[in-house]
Amino acid sequence: MLIVKKFGGSSVANKERIFNVARRCIEEYRSGKDVVVVLSAMGDTTDELIAMAEDINPRAKKREMDMLLTTGEQVSAALMAMAMQALDVPAVSLNAFQVMMHSTSRYGNARFKRVETERILHELDSRKIVIVTGFQGVNKYDDVTTLGRGGSDTTAVALAAALHADRCEIYTDVDGVFTADPRVVKNARKLDEVTYDEMLELASLGAKVLHNRSVEMAKKYNVELVVRSSLNYSEGTVVREGADMEKLLVTGVAADKNTARISAIGVLDKPGIAFNIFDTLAKNNINVDIILQSVGREGTKDISFTVAGDDMEHAIEILEKNKKRLTIKEVSCNPNVAKLSVVGAGMMSNPGVAAKMFEALYNSRVNINMISTSEIRITVLVDEKDIDKAMNAVHDGFAMGE
Ligand code: ADP
Ligand code: ASP
Ligand code: MG
(Lines give C-alpha, C1' and ligand atoms only; values in the text may rest on other atoms or scores of the structure.)
(Ligands and ions follow the chains in the order given, each with its own letter.)
Protein backbone atom coordinates (compact mmCIF):
# COMPACT_ATOMS: atom_id res chain seq x y z
CA MET A 1 0.00 0.00 0.00
CA LEU A 2 1.36 3.40 -1.04
CA ILE A 3 0.32 6.67 0.55
CA VAL A 4 1.13 10.24 -0.49
CA LYS A 5 0.95 12.67 2.41
CA LYS A 6 1.27 16.41 1.83
CA PHE A 7 1.92 18.89 4.63
CA GLY A 8 1.46 22.63 4.20
CA GLY A 9 3.69 25.41 5.48
CA SER A 10 2.08 25.84 8.89
CA SER A 11 2.40 22.08 9.52
CA VAL A 12 6.19 22.30 9.24
CA ALA A 13 6.63 25.85 10.58
CA ASN A 14 9.13 24.99 13.35
CA LYS A 15 11.18 22.18 14.88
CA GLU A 16 8.33 20.86 17.00
CA ARG A 17 5.94 20.74 14.03
CA ILE A 18 8.57 19.08 11.85
CA PHE A 19 8.98 16.31 14.43
CA ASN A 20 5.20 16.05 14.73
CA VAL A 21 4.95 15.42 10.98
CA ALA A 22 7.92 13.06 11.05
CA ARG A 23 6.22 10.97 13.75
CA ARG A 24 2.92 10.83 11.89
CA CYS A 25 4.68 9.62 8.76
CA ILE A 26 6.73 7.11 10.71
CA GLU A 27 3.56 5.58 12.23
CA GLU A 28 2.30 4.93 8.72
CA TYR A 29 5.68 3.59 7.60
CA ARG A 30 5.93 1.22 10.59
CA SER A 31 2.56 -0.26 9.71
CA GLY A 32 4.22 -1.51 6.54
CA LYS A 33 3.09 1.10 4.02
CA ASP A 34 5.20 2.90 1.45
CA VAL A 35 5.15 6.59 2.32
CA VAL A 36 5.82 9.52 0.02
CA VAL A 37 5.76 12.90 1.76
CA VAL A 38 5.29 16.19 -0.10
CA LEU A 39 6.22 19.35 1.76
CA SER A 40 5.67 23.09 1.44
CA ALA A 41 8.13 25.68 2.62
CA MET A 42 8.19 26.31 6.39
CA GLY A 43 5.63 28.81 7.69
CA ASP A 44 5.72 32.10 5.79
CA THR A 45 9.01 31.36 4.04
CA THR A 46 7.61 31.90 0.54
CA ASP A 47 6.20 35.32 1.47
CA GLU A 48 9.50 36.26 3.07
CA LEU A 49 11.47 35.23 0.00
CA ILE A 50 9.14 37.28 -2.20
CA ALA A 51 9.66 40.30 0.07
CA MET A 52 13.45 39.87 -0.11
CA ALA A 53 13.30 39.79 -3.90
CA GLU A 54 11.11 42.90 -4.05
CA ASP A 55 13.57 44.71 -1.85
CA ILE A 56 16.45 43.91 -4.18
CA ASN A 57 14.63 44.29 -7.50
CA PRO A 58 10.89 44.92 -7.78
CA ARG A 59 11.03 43.88 -11.44
CA ALA A 60 12.94 40.66 -10.86
CA LYS A 61 12.83 38.17 -13.72
CA LYS A 62 10.41 35.30 -13.15
CA ARG A 63 13.16 32.79 -13.78
CA GLU A 64 15.18 34.16 -10.89
CA MET A 65 12.06 34.32 -8.71
CA ASP A 66 11.58 30.59 -9.25
CA MET A 67 15.23 29.94 -8.54
CA LEU A 68 14.68 31.74 -5.23
CA LEU A 69 11.25 30.39 -4.25
CA THR A 70 12.12 26.75 -4.85
CA THR A 71 14.71 26.96 -2.09
CA GLY A 72 11.93 27.18 0.53
CA GLU A 73 10.65 23.69 -0.21
CA GLN A 74 14.16 22.30 -0.39
CA VAL A 75 14.84 23.49 3.16
CA SER A 76 11.78 21.78 4.63
CA ALA A 77 12.38 18.55 2.69
CA ALA A 78 15.99 18.27 3.85
CA LEU A 79 15.13 19.09 7.47
CA MET A 80 12.31 16.52 7.43
CA ALA A 81 14.67 13.81 6.21
CA MET A 82 17.09 14.76 9.00
CA ALA A 83 14.28 14.63 11.59
CA MET A 84 13.25 11.16 10.47
CA GLN A 85 16.86 9.99 10.46
CA ALA A 86 17.21 11.39 13.98
CA LEU A 87 14.30 9.10 14.90
CA ASP A 88 16.22 6.20 13.35
CA VAL A 89 14.03 5.84 10.28
CA PRO A 90 15.60 5.75 6.81
CA ALA A 91 14.44 8.71 4.76
CA VAL A 92 15.62 10.59 1.69
CA SER A 93 14.70 14.05 0.44
CA LEU A 94 14.39 14.72 -3.29
CA ASN A 95 13.78 17.91 -5.23
CA ALA A 96 11.91 18.20 -8.54
CA PHE A 97 15.13 17.73 -10.45
CA GLN A 98 16.03 14.51 -8.69
CA VAL A 99 12.55 13.07 -9.21
CA MET A 100 12.26 14.60 -12.68
CA MET A 101 8.95 16.35 -12.40
CA HIS A 102 8.71 17.77 -15.91
CA SER A 103 6.75 20.99 -16.27
CA THR A 104 5.90 23.58 -18.88
CA SER A 105 8.35 26.47 -19.25
CA ARG A 106 6.21 29.19 -17.75
CA TYR A 107 8.07 30.47 -14.70
CA GLY A 108 5.85 31.27 -11.74
CA ASN A 109 2.88 29.41 -13.16
CA ALA A 110 4.16 26.15 -14.61
CA ARG A 111 2.06 23.03 -15.10
CA PHE A 112 3.20 19.45 -14.84
CA LYS A 113 3.61 17.59 -18.10
CA ARG A 114 5.04 14.30 -16.91
CA VAL A 115 6.35 12.97 -13.65
CA GLU A 116 8.97 10.22 -13.56
CA THR A 117 8.60 7.55 -10.90
CA GLU A 118 11.79 5.51 -11.21
CA ARG A 119 13.83 7.26 -8.53
CA ILE A 120 10.99 7.34 -6.02
CA LEU A 121 10.14 3.67 -6.58
CA HIS A 122 13.79 2.75 -6.22
CA GLU A 123 14.01 4.57 -2.86
CA LEU A 124 10.74 3.04 -1.67
CA ASP A 125 12.06 -0.41 -2.62
CA SER A 126 14.89 0.08 -0.17
CA ARG A 127 12.26 0.90 2.50
CA LYS A 128 12.93 4.59 2.79
CA ILE A 129 10.38 7.28 3.43
CA VAL A 130 10.63 9.52 0.37
CA ILE A 131 10.26 13.25 0.92
CA VAL A 132 9.62 15.39 -2.15
CA THR A 133 9.69 19.19 -2.46
CA GLY A 134 6.24 20.57 -3.32
CA PHE A 135 5.45 23.50 -5.62
CA GLN A 136 8.28 22.95 -8.12
CA GLY A 137 9.02 21.45 -11.51
CA VAL A 138 11.77 21.33 -14.11
CA ASN A 139 11.30 22.75 -17.61
CA LYS A 140 12.80 21.91 -20.98
CA TYR A 141 15.68 24.30 -20.37
CA ASP A 142 16.57 22.36 -17.20
CA ASP A 143 15.47 25.34 -15.12
CA VAL A 144 13.42 25.00 -11.98
CA THR A 145 9.87 26.38 -12.17
CA THR A 146 7.11 26.97 -9.63
CA LEU A 147 3.46 26.04 -10.00
CA GLY A 148 1.80 29.16 -8.58
CA ARG A 149 0.96 29.93 -4.95
CA GLY A 150 -0.41 26.95 -3.08
CA GLY A 151 1.00 24.59 -5.72
CA SER A 152 2.33 21.93 -3.34
CA ASP A 153 -1.12 20.34 -3.30
CA THR A 154 -0.73 19.80 -7.04
CA THR A 155 2.66 18.14 -6.55
CA ALA A 156 1.02 15.68 -4.15
CA VAL A 157 -1.79 14.83 -6.55
CA ALA A 158 0.58 14.52 -9.52
CA LEU A 159 2.72 12.05 -7.57
CA ALA A 160 -0.32 10.14 -6.29
CA ALA A 161 -1.56 9.78 -9.88
CA ALA A 162 1.83 8.80 -11.32
CA LEU A 163 2.57 6.30 -8.54
CA HIS A 164 -1.00 4.93 -8.50
CA ALA A 165 -1.09 5.66 -4.78
CA ASP A 166 -3.83 4.11 -2.69
CA ARG A 167 -4.40 7.37 -0.83
CA CYS A 168 -3.55 11.04 -1.15
CA GLU A 169 -3.85 12.98 2.07
CA ILE A 170 -3.54 16.76 2.29
CA TYR A 171 -2.67 17.88 5.81
CA THR A 172 -3.25 21.48 6.76
CA ASP A 173 -4.03 23.79 9.68
CA VAL A 174 -7.82 23.31 9.68
CA ASP A 175 -9.87 20.12 10.11
CA GLY A 176 -10.93 19.82 6.47
CA VAL A 177 -12.95 21.67 3.87
CA PHE A 178 -15.56 23.89 5.47
CA THR A 179 -18.69 25.59 4.17
CA ALA A 180 -16.65 28.82 4.33
CA ASP A 181 -13.21 29.87 5.52
CA PRO A 182 -13.44 28.97 9.23
CA ARG A 183 -11.14 31.87 10.05
CA VAL A 184 -13.68 34.34 8.67
CA VAL A 185 -17.07 32.69 9.24
CA LYS A 186 -17.50 31.49 12.78
CA ASN A 187 -20.51 29.30 11.94
CA ALA A 188 -18.65 27.49 9.15
CA ARG A 189 -19.22 23.74 9.25
CA LYS A 190 -16.83 21.00 8.21
CA LEU A 191 -17.99 19.00 5.21
CA ASP A 192 -17.57 15.21 5.34
CA GLU A 193 -17.55 14.95 1.57
CA VAL A 194 -17.40 17.30 -1.38
CA THR A 195 -17.43 16.52 -5.11
CA TYR A 196 -14.54 17.36 -7.42
CA ASP A 197 -16.68 19.87 -9.30
CA GLU A 198 -17.80 21.73 -6.22
CA MET A 199 -14.30 21.71 -4.76
CA LEU A 200 -12.88 22.95 -8.04
CA GLU A 201 -15.29 25.89 -8.02
CA LEU A 202 -14.58 26.69 -4.37
CA ALA A 203 -10.82 26.49 -4.90
CA SER A 204 -10.93 28.57 -8.08
CA LEU A 205 -13.10 31.18 -6.38
CA GLY A 206 -10.77 31.78 -3.47
CA ALA A 207 -11.03 28.92 -0.92
CA LYS A 208 -7.29 28.40 -0.75
CA VAL A 209 -7.53 25.19 1.29
CA LEU A 210 -6.70 23.34 -1.97
CA HIS A 211 -4.83 24.57 -5.04
CA ASN A 212 -7.41 24.56 -7.82
CA ARG A 213 -5.18 22.66 -10.23
CA SER A 214 -4.73 19.88 -7.67
CA VAL A 215 -8.49 19.36 -7.75
CA GLU A 216 -8.57 19.47 -11.54
CA MET A 217 -5.85 16.84 -11.67
CA ALA A 218 -7.44 14.69 -8.97
CA LYS A 219 -10.65 14.61 -10.98
CA LYS A 220 -8.84 13.80 -14.22
CA TYR A 221 -6.88 10.90 -12.73
CA ASN A 222 -9.57 9.89 -10.25
CA VAL A 223 -7.38 10.42 -7.20
CA GLU A 224 -9.50 10.52 -4.07
CA LEU A 225 -8.29 13.30 -1.78
CA VAL A 226 -8.59 13.56 1.97
CA VAL A 227 -8.12 17.01 3.50
CA ARG A 228 -7.38 16.91 7.24
CA SER A 229 -5.51 18.52 10.09
CA SER A 230 -1.88 17.77 10.89
CA LEU A 231 -2.53 18.83 14.47
CA ASN A 232 -5.20 16.29 15.44
CA TYR A 233 -6.62 12.95 14.27
CA SER A 234 -10.12 14.04 13.24
CA GLU A 235 -11.43 12.57 10.02
CA GLY A 236 -11.27 15.42 7.55
CA THR A 237 -13.07 15.84 4.24
CA VAL A 238 -13.10 13.44 1.31
CA VAL A 239 -13.03 14.97 -2.16
CA ARG A 240 -14.32 12.59 -4.81
CA GLU A 241 -16.77 11.97 -7.64
CA GLY A 242 -20.23 12.44 -6.30
CA ALA A 243 -22.60 10.55 -8.58
CA ASP A 244 -24.73 9.10 -5.84
CA MET A 245 -24.23 11.80 -3.26
CA GLU A 246 -27.12 13.88 -2.15
CA LYS A 247 -26.79 17.18 -3.91
CA LEU A 248 -26.83 20.04 -1.50
CA LEU A 249 -28.45 23.22 -2.70
CA VAL A 250 -25.37 25.15 -1.70
CA THR A 251 -22.13 23.60 -0.54
CA GLY A 252 -20.10 26.59 0.45
CA VAL A 253 -19.10 30.20 0.01
CA ALA A 254 -15.72 31.47 -1.08
CA ALA A 255 -14.19 34.92 -1.18
CA ASP A 256 -11.38 36.25 -3.31
CA LYS A 257 -9.76 39.56 -2.41
CA ASN A 258 -7.17 39.29 -5.14
CA THR A 259 -9.56 40.94 -7.57
CA ALA A 260 -9.70 44.28 -9.37
CA ARG A 261 -12.34 45.91 -11.57
CA ILE A 262 -11.38 47.67 -14.78
CA SER A 263 -13.70 49.77 -16.94
CA ALA A 264 -13.21 50.75 -20.56
CA ILE A 265 -15.35 53.86 -20.80
CA GLY A 266 -16.91 55.37 -23.90
CA VAL A 267 -16.06 52.65 -26.42
CA LEU A 268 -17.91 52.68 -29.74
CA ASP A 269 -21.20 50.79 -29.65
CA LYS A 270 -20.61 48.61 -32.72
CA PRO A 271 -19.73 44.98 -33.44
CA GLY A 272 -16.15 43.83 -32.87
CA ILE A 273 -15.16 46.17 -30.04
CA ALA A 274 -15.65 43.68 -27.20
CA PHE A 275 -13.88 41.07 -29.28
CA ASN A 276 -10.91 43.36 -29.83
CA ILE A 277 -10.61 44.34 -26.18
CA PHE A 278 -10.75 40.82 -24.78
CA ASP A 279 -8.66 39.35 -27.58
CA THR A 280 -5.92 41.90 -26.83
CA LEU A 281 -6.02 41.02 -23.14
CA ALA A 282 -6.04 37.27 -23.82
CA LYS A 283 -3.03 37.57 -26.13
CA ASN A 284 -1.21 39.16 -23.19
CA ASN A 285 -2.14 36.25 -20.92
CA ILE A 286 -4.64 38.21 -18.85
CA ASN A 287 -7.58 36.24 -17.59
CA VAL A 288 -10.83 38.13 -17.45
CA ASP A 289 -13.57 37.03 -15.14
CA ILE A 290 -16.91 38.82 -14.69
CA ILE A 291 -17.88 41.06 -17.61
CA LEU A 292 -20.55 43.75 -17.57
CA GLN A 293 -21.52 45.92 -20.51
CA SER A 294 -23.67 49.01 -20.16
CA VAL A 295 -26.54 49.81 -22.49
CA GLY A 296 -25.34 51.97 -25.36
CA ARG A 297 -26.06 55.70 -25.42
CA GLU A 298 -25.17 58.19 -28.13
CA GLY A 299 -23.20 55.54 -29.97
CA THR A 300 -20.94 54.61 -27.07
CA LYS A 301 -21.00 52.20 -24.13
CA ASP A 302 -18.86 51.15 -21.16
CA ILE A 303 -17.40 47.67 -20.65
CA SER A 304 -16.34 46.68 -17.14
CA PHE A 305 -14.64 43.45 -16.14
CA THR A 306 -12.64 41.92 -13.33
CA VAL A 307 -9.10 40.56 -13.41
CA ALA A 308 -6.82 39.08 -10.75
CA GLY A 309 -5.46 41.90 -8.56
CA ASP A 310 -1.89 41.06 -9.61
CA ASP A 311 -2.83 41.55 -13.27
CA MET A 312 -4.47 44.95 -12.88
CA GLU A 313 -1.52 47.17 -13.69
CA HIS A 314 -0.50 45.07 -16.66
CA ALA A 315 -4.09 45.08 -18.01
CA ILE A 316 -4.33 48.88 -17.71
CA GLU A 317 -0.99 49.31 -19.42
CA ILE A 318 -2.20 47.21 -22.35
CA LEU A 319 -5.51 49.04 -22.67
CA GLU A 320 -3.82 52.43 -22.48
CA LYS A 321 -1.33 51.41 -25.14
CA ASN A 322 -4.14 50.28 -27.46
CA LYS A 323 -6.63 52.96 -26.47
CA LYS A 324 -7.07 54.38 -29.93
CA ARG A 325 -7.49 51.09 -31.76
CA LEU A 326 -9.94 49.84 -29.12
CA THR A 327 -11.87 53.18 -29.25
CA ILE A 328 -11.59 53.60 -25.46
CA LYS A 329 -12.10 57.17 -24.18
CA GLU A 330 -10.96 56.48 -20.66
CA VAL A 331 -9.73 53.53 -18.57
CA SER A 332 -10.69 53.43 -14.89
CA CYS A 333 -10.00 50.84 -12.22
CA ASN A 334 -10.80 49.85 -8.66
CA PRO A 335 -8.47 47.50 -6.79
CA ASN A 336 -10.56 47.61 -3.62
CA VAL A 337 -13.15 45.04 -4.63
CA ALA A 338 -13.60 41.36 -3.80
CA LYS A 339 -15.52 38.46 -5.26
CA LEU A 340 -17.98 36.49 -3.20
CA SER A 341 -19.34 33.22 -4.55
CA VAL A 342 -21.80 30.57 -3.48
CA VAL A 343 -21.25 27.11 -4.92
CA GLY A 344 -23.57 24.11 -5.02
CA ALA A 345 -24.40 21.34 -7.46
CA GLY A 346 -28.04 21.52 -6.38
CA MET A 347 -28.39 25.04 -7.75
CA MET A 348 -28.95 23.72 -11.24
CA SER A 349 -32.40 22.42 -10.41
CA ASN A 350 -33.45 25.02 -7.85
CA PRO A 351 -34.60 28.49 -8.79
CA GLY A 352 -34.32 31.29 -6.26
CA VAL A 353 -30.75 30.76 -5.08
CA ALA A 354 -29.60 34.06 -6.53
CA ALA A 355 -32.53 35.92 -4.95
CA LYS A 356 -31.71 34.42 -1.58
CA MET A 357 -28.10 35.49 -1.87
CA PHE A 358 -29.07 39.03 -2.83
CA GLU A 359 -31.54 39.15 0.07
CA ALA A 360 -28.82 38.20 2.55
CA LEU A 361 -26.58 40.92 1.13
CA TYR A 362 -29.38 43.45 1.22
CA ASN A 363 -30.16 42.59 4.85
CA SER A 364 -26.61 43.43 5.81
CA ARG A 365 -26.56 46.49 3.53
CA VAL A 366 -23.83 45.23 1.22
CA ASN A 367 -23.94 46.76 -2.24
CA ILE A 368 -23.46 44.51 -5.27
CA ASN A 369 -21.27 45.92 -8.06
CA MET A 370 -21.39 43.08 -10.57
CA ILE A 371 -22.97 39.64 -10.88
CA SER A 372 -22.07 36.51 -12.79
CA THR A 373 -23.59 33.03 -12.68
CA SER A 374 -22.90 29.53 -13.93
CA GLU A 375 -24.74 26.25 -13.46
CA ILE A 376 -23.28 25.64 -10.04
CA ARG A 377 -22.19 29.03 -8.77
CA ILE A 378 -23.22 32.64 -8.33
CA THR A 379 -20.53 35.29 -7.96
CA VAL A 380 -20.97 38.91 -6.96
CA LEU A 381 -18.44 41.69 -6.81
CA VAL A 382 -18.56 43.78 -3.62
CA ASP A 383 -16.36 46.41 -2.00
CA GLU A 384 -13.39 44.76 -0.34
CA LYS A 385 -14.19 46.37 3.01
CA ASP A 386 -17.54 44.51 3.04
CA ILE A 387 -16.26 41.06 2.15
CA ASP A 388 -16.08 39.44 5.60
CA LYS A 389 -19.48 40.78 6.56
CA ALA A 390 -20.91 39.68 3.21
CA MET A 391 -19.43 36.20 3.54
CA ASN A 392 -20.95 35.72 6.98
CA ALA A 393 -24.32 37.09 5.86
CA VAL A 394 -24.57 34.84 2.82
CA HIS A 395 -23.28 31.80 4.68
CA ASP A 396 -25.79 32.21 7.47
CA GLY A 397 -28.54 33.27 5.06
CA PHE A 398 -28.37 29.79 3.53
CA ALA A 399 -28.07 28.20 6.98
CA MET A 400 -24.95 26.38 5.81
CA GLY A 401 -23.69 26.02 9.32
CA GLU A 402 -26.67 23.88 10.37
P1 ADP B 1 -1.37 24.93 3.73
O2 ADP B 1 -0.21 25.77 4.11
O3 ADP B 1 -1.57 23.76 4.63
O4 ADP B 1 -1.38 24.57 2.28
P5 ADP B 1 -3.31 27.03 3.23
O6 ADP B 1 -3.11 28.26 4.02
O7 ADP B 1 -2.87 27.02 1.82
O8 ADP B 1 -2.65 25.83 4.05
O9 ADP B 1 -4.85 26.61 3.26
C10 ADP B 1 -5.50 26.43 4.50
C11 ADP B 1 -6.32 27.66 4.84
O12 ADP B 1 -7.37 27.81 3.89
C13 ADP B 1 -7.03 27.59 6.17
O14 ADP B 1 -6.21 28.03 7.22
C15 ADP B 1 -8.25 28.48 5.96
O16 ADP B 1 -8.10 29.75 6.56
C17 ADP B 1 -8.31 28.67 4.43
N18 ADP B 1 -9.64 28.37 3.87
C19 ADP B 1 -10.29 29.15 2.97
N20 ADP B 1 -11.47 28.62 2.64
C21 ADP B 1 -11.58 27.46 3.32
C22 ADP B 1 -12.58 26.43 3.38
N23 ADP B 1 -13.72 26.50 2.67
N24 ADP B 1 -12.36 25.36 4.18
C25 ADP B 1 -11.22 25.27 4.90
N26 ADP B 1 -10.24 26.20 4.88
C27 ADP B 1 -10.41 27.29 4.11
N1 ASP C 1 5.19 27.46 -0.53
C2 ASP C 1 4.32 27.72 -1.64
C3 ASP C 1 3.38 28.87 -1.31
O4 ASP C 1 3.45 29.42 -0.22
C5 ASP C 1 3.57 26.52 -2.11
C6 ASP C 1 2.56 25.95 -1.13
O7 ASP C 1 2.56 26.30 0.05
O8 ASP C 1 1.75 25.11 -1.56
O9 ASP C 1 2.60 29.25 -2.12
MG1 MG D 1 -1.97 25.59 0.55
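See the structure above.
Below is a short write-up of the structure. Note on numbering: residues in each chain are counted from 1, in written sequence order. Chain letters start at A and ligand numbers start at 1, both assigned in the order the entries are written. A pLDDT threshold of at least 70 governs which residues receive local features in this predicted model, and a stricter bar of 80 or more applies before side-chain atom pairs are shown or counted, although totals over entire chains, interfaces and linings include all residues. Water and hydrogen atoms were dropped before computing side-chain values, which therefore reflect all heavy atoms in the structure.

Our focus in this paragraph is the pairing of strand β14 (residues 288–293). Note: β14 against strand β15 (residues 300–308), four bridges, orientation antiparallel. Residue pairing across strands places isoleucine 291 opposite phenylalanine 305, the latter belonging to β15. Between any two strands, pairing holds if DSSP finds at least two bridges. Secondary structure elements follow DSSP: runs of H or I of four or more residues count as helices, runs of E of two or more count as strands, with numbering from the N terminus. Between the antiparallel neighbours β14 and β15 lie six residues, among them glutamate 298 with a positive phi of about 50°.

This part covers the side chain of serine 152. Position of serine 152 relative to the elements: it lies in helix α6 (residues 152–162). Once residues lying within four places of it in the same chain are set aside, the contact partners of serine 152 are Lys6, Val38, Leu39, Ser40, Glu73, Gly134 and Phe135. When checking whether two residues touch, look at their non-hydrogen atoms; a contact exists if any pair is within 4.5 Å.

This part takes up a nonpolar patch on the surface. Patch rule: a residue counts if its relative accessible area is over 30% and it has no salt bridge; like charges are joined within 9 Å, and nonpolar side chains (Val, Leu, Ile, Met, Phe, Trp, Tyr) within 5 Å. Shrake-Rupley sampling with a 1.4 Å probe provides the accessible areas, and residues are treated as covered by the protein chains on show and by no other component. Within this document, salt bridges are pairs made up of a side-chain nitrogen of Lys or Arg and a carboxyl oxygen of Asp or Glu, the two lying within 4 Å of each other. A surface patch of nonpolar side chains, amounting to about 250 Å² of accessible area, comprises Val75, Leu79 and Met82. In this structure, methionine 82 sits in helix α3 (residues 62–86).

Our next topic: the site of ligand 1. Nearness is defined per residue: one heavy atom within 4 Å of the molecule or strand is enough. Taken together, 17 residues lie around ligand 1, and Thr172, Asp173, Phe178, Asp181 and Arg183 are the ones closest in. Side-chain atoms alone can form a polar contact between residues adjacent in sequence; in general such a contact is a pair of N or O atoms within 3.5 Å, and within protein one must be able to donate a hydrogen while the other accepts it. In the model, an oxygen atom of ligand 1 is placed 3.1 Å from a nitrogen or oxygen of the lysine 6 side chain. Between an oxygen atom of ligand 1 and a side-chain N or O atom of threonine 172, the distance comes to 2.7 Å. Across the complex, the protein chains shield 89% of the 570 Å² of accessible surface that ligand 1 would expose by itself. Side-chain classes follow a simple rule in which Ala, Val, Leu, Ile, Met, Phe, Trp, Tyr, Cys and Pro form the nonpolar group, Asp, Glu, Lys and Arg form the charged group, and the remainder, Gly included, forms the polar group. The residue makeup of the shell around ligand 1, split by class, is eight nonpolar, four polar and five charged.

Bringing the pattern of salt bridges into the picture now. Where charged atoms from two side chains of opposite charge approach closely, those side chains can pair. All chains considered together, the criterion is met by 26 salt bridges. Across the pair aspartate 34 and arginine 127 runs a salt bridge whose closest N-O atoms are separated by 3.3 Å. Separated by 93 residues along the polypeptide, aspartate 34 in strand β2 (residues 34–39) and arginine 127 in the loop between α5 (118–125) and β6 (129–133) bring together distant segments of the chain. Aspartate 34 gets classed as partly exposed once you look at its relative accessible area, which sits at 24%. When accessible area is computed with a 1.4 Å probe and restricted to protein chains, residues below 20% of their type maximum are described as buried, those above 50% as exposed, and intermediate ones as partly exposed.

The subject of this paragraph is the sheet that holds β14. Hydrogen bonds between backbone groups are what pair the strands of a sheet, and the pairing can be parallel or antiparallel. Taken in spatial order, the six strands make up an open sheet running β14-β15-β13-β16-β18-β17, and their pairing is antiparallel. For this open sheet the edge positions go to β14 and β17 (370–374), each flanked by a neighbour on one side alone. The mean inter-strand angle of the sheet, taken between neighbouring strand axes irrespective of direction, is 30°. As paired elements, strand β16 (residues 330–343) and strand β18 (residues 377–383) share seven bridges and run antiparallel to each other. Counted as the bridge partner of valine 337 is aspartate 383 from β18. Along the sheet face, helix α9 (residues 273–283) touches β13 (252–268), β14 and β15 and points at about 25° away from the line of β15. Interaxial angle, 0 to 180 degrees, is taken between N-to-C directions of lines fitted to C-alpha atoms, where a helix line uses only the stretch in contact. Contacts between helix α10 (residues 312–321) and the sheet are confined to β13, β15 and β16, with β16 contributing the most and set at about 135° to the helix.

Here the focus is the site of ligand 2. If you check the shell around ligand 2, you find Ser40, Ala41, Thr46, Glu73, Phe135, Arg149, Gly150, Gly151 and Ser152 and nothing else. With respect to ligand 2, the side chain of arginine 149 contributes an N or O atom lying 2.7 Å from an oxygen atom. Against a free-state accessible area of 260 Å², the protein chains account for coverage of 86% of ligand 2. Partitioning the shell around ligand 2 into residue classes produces two nonpolar, five polar and two charged.

This part is about unusual backbone geometry. Both trends apply: most residues other than glycine have a negative phi, and most peptide bonds are in trans. Of note, methionine 100 is a non-glycine position whose phi angle comes to about 70°, a positive value. Note on placement: methionine 100 falls in the loop between α4 (96–99) and β4 (101–103). The exposure class of methionine 100 is partly exposed, given its relative accessible area of 22%. Residue arginine 127 is not a glycine yet carries a positive backbone phi of 60°.

Note on terminology: a nonpolar core comprises buried Ala, Val, Leu, Ile, Met, Phe, Trp, Tyr and Cys residues joined through side-chain atoms within 4.5 Å. Ranked by internal contacts, the top residues of the largest apolar core, which has 47 residues, are Val36, Ile120, Leu159, Cys168 and Met199. At six residues, the largest contribution of residues to this core is made by α6. In this structure, isoleucine 120 is in contact with Val36, Leu94, Val99, Val130, Val132, Leu159 and Leu163, ignoring residues within four places of it in sequence. Counting 26 residues, the second-largest nonpolar core is a separate cluster that includes Ala255, Leu340, Met357 and Ala360.

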